[in-house]
Amino acid sequence: MTSLAVPEHPWLLPGELVVPAERGRRRPRRTTRDWVVDSLAFLLGLLWVLFATVDGLSPSPESAVPLPYDWMVGADALIGLVCCGLLWVRRRWPLGLAVATLPLNLFSMAAAIPLLIIYFTVVVHRRTAVAVAVTGAGLVTNLVFSWTRPDPVMPYWATVSWGVVITFAVLAWGMFVRARRQLIVSLRERAERAEAEQQLRVAQARHLERTRIAREMHDVLAHRISLLSLHAGALEFRPDAPADEVARAAGVIRGSAHAALQDLREVIGVLRAEDDGAGDAPEPPQPTLADLPALIAESRSAGVRVNVSDSVVNPGEVPAALGRAAYRIVQEGLTNARKHAAGAVVTVDVSGGPGTGLSVAISNRWPVGTPEGGTLPGAGTGLVGISERVTLAGGRLAYGRDDSGDFRLAAWLPWPA
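Keep in mind that what you see is a predicted model, and the values were worked out from it rather than measured.

Conventions and cut-offs
Residues numbered from 1 in each chain as written. Predicted model: local features only at pLDDT ≥ 70, side-chain atom pairs only at ≥ 80, totals over all residues. Heavy atoms only, no water. Disulfide = S-S within 2.5 Å. Helix = DSSP H or I, 4+ residues; strand = E, 2+ residues; numbered from the N terminus. Expected span 1.5 Å × (residues − 1). Buried < 20%, exposed > 50% of the residue type's maximum accessible area, 1.4 Å probe, protein only. Arc of directions from axis to C-beta. Phe/Tyr/Trp six-rings, centres within 6.5 Å; stacked < 30°, edge-to-face > 60°. Patch = residues over 30% accessible without salt bridge, like charges linked within 9 Å, V, L, I, M, F, W, Y side chains within 5 Å. Areas by Shrake-Rupley, 256 points an atom, 1.4 Å probe, with all protein chains shown as cover. Salt bridge = Lys/Arg side-chain N within 4 Å of Asp/Glu carboxyl O. Axes fitted to C-alpha atoms, helices over the stretch in contact; angles between N-to-C directions. Parallel < 35°, antiparallel > 145°, perpendicular 65-115°, else oblique. Left-handed = near helix turned anticlockwise from the far one by under 90°. Contact = heavy atoms within 4.5 Å. Nonpolar A, V, L, I, M, F, W, Y, C, P; charged D, E, K, R; others polar.

Draft legend 1. How the structure looks around the state of the cysteines. Throughout the structure, instances matching the rule amount to 0 disulfides. As a non-bridged cysteine, Cys 83 has Cys 84 as the owner of its nearest cysteine sulfur, 7.2 Å distant.

Draft legend 2. Highlighting helix α5 (residues 128–148). For α5, built from 21 residues, the straight-helix expectation of 30 Å at 1.5 Å per residue is met to within 8% by its first-to-last C-alpha distance of 30 Å. Buried residues of α5: Val 130, Ala 131, Val 134, Thr 135, Thr 141, Asn 142, Phe 145 and Ser 146, and no others. Projection of α5 onto a plane perpendicular to its axis shows the buried side chains occupying an angular sector of 135 degrees, all on one side. Residues of α5 that are exposed and point over 90 degrees away from its buried face: Ala 133, Val 140 and Trp 147.

Draft legend 3. Examining the packing of aromatic side chains more closely. One pass over the structure, following the stated rule, counts 7 aromatic pairs. Ring plane angle 45 degrees and centroid distance 6.1 Å describe the contact between Trp 35 and Trp 88, whose orientation is recorded as tilted. With Trp 35 in helix α1 (residues 32–57) and Trp 88 in the loop between α2 (70–86) and α3 (94–100), this pair connects stretches of sequence that are 53 residues apart. Classification of Trp 35 by relative accessible area gives partly exposed; the value is 43%. Pairing Tyr 156 with Trp 157 gives two aromatic rings, centres 5.0 Å apart and planes at 70 degrees, and the pair type is edge-to-face. With relative accessibility at 25%, the residue Tyr 156 sits in the partly exposed group. Three or more aromatic residues link up through ring pairs in this structure, and these residues are Trp 35, Phe 42 and Trp 88.

Draft legend 4. Spotlight on a nonpolar patch on the surface. Taken together, Val 153, Met 154, Trp 162, Val 165 and Ile 166 make up a surface patch of nonpolar side chains, about 500 Å² in accessible area. Looking at the element boundaries, Ile 166 is found in helix α6 (residues 156–237). For Ile 166, a relative accessible area of 41% puts it in the partly exposed group.

Draft legend 5. Representation of the packing of helix α9 (residues 320–340) against helix α10 (residues 382–392) in the model. The contact between α9 and α10 brings their axes to 10 Å, and the two run at 160 degrees. One finds that α9 runs roughly antiparallel with respect to α10. For the element pair α9 and α10, the recorded crossing hand is left-handed. Here Ala 325, Arg 328, Ile 329, Glu 332 and Asn 336 of α9 come into contact with α10, specifically with Gly 382, Leu 383, Ile 386, Arg 389 and Val 390. In the contact of α9 with α10, the residues fall into 5 nonpolar, 2 polar and 3 charged.

Encoded structure:
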């Protein structure tokens, strides 16, 4: 994904808009554009100082009445040159320079343009209230300057009016530049925030998908390993069984172990997958309600007595997600029965239809005592995972001992008409 943080031509932008990495700097570094603008401002100030000095030394100046002494013209020129030099540091201390040079507006003609540029910098880089305050002070000095250095042609109020017009023009221009920069910064921050939120959503979606796959693998592994343990327990219980039965049980154990290892390899690959696309590999086909007979047959082959009641209306129309959830519920119920009630008869009841929902119930007699060899170990998270699955599907889940003393796991899942 292309980053929005770095502009294509940073040298064309002001230092405040260049790189987000430099936004934390107290004084942004000058760009090529800033150097060009500062150089032009300095040259413009020098040209104005030169014009004001030559005009002040002429017998009939055009800009203002002549000063009584020539050294005053030279002093004014020196003040103008100093103000031109201050233009190079005006970005660093705009308000301080504006306040310090404010008295020069009362009498200096040579410093007029440099002081106007400093005022413009204050408007661009400081908030509106500060700019308005500096503007008000400048208007007061404009009244005094027009009185002390009157124009030889225009009357006093015309000179004052021109000063007000120029001041407000610079104020409007500076506020426009400031508003445009703030808009650019705001749009960039919004774009970066949107990009970050999008990346976060992608990461969360990937995490949720990995969690879902890991939950699927947990259910599958618990089912296979419980079958494997059941077959191994049968061999241990009957060491004198016929050779063909031993061979058949060993083959089942071997197949179950191989399948369990394959499932374990898949879940480890999912959990280790990084953001390089390795986690986007296609999943194996997911079970549906049509795979329930195979699941029941697999449990029966391991010696579990299972009674099935299937009264689903239009089973071929069951949505894939709904069928997968029902399959996992039955799988978890059979696994729990093998773990905690070995030898008990398990009853599986699946019913429902479009509009009424799909009901799944697995029940078995409550175990009496501890089976020989102990119960199979478990993490205790199977029912938690089933509860999360049912909740995400918008259904209801209940489990525990019923009125007859049997353990019952029942779930209802919505099936839209």
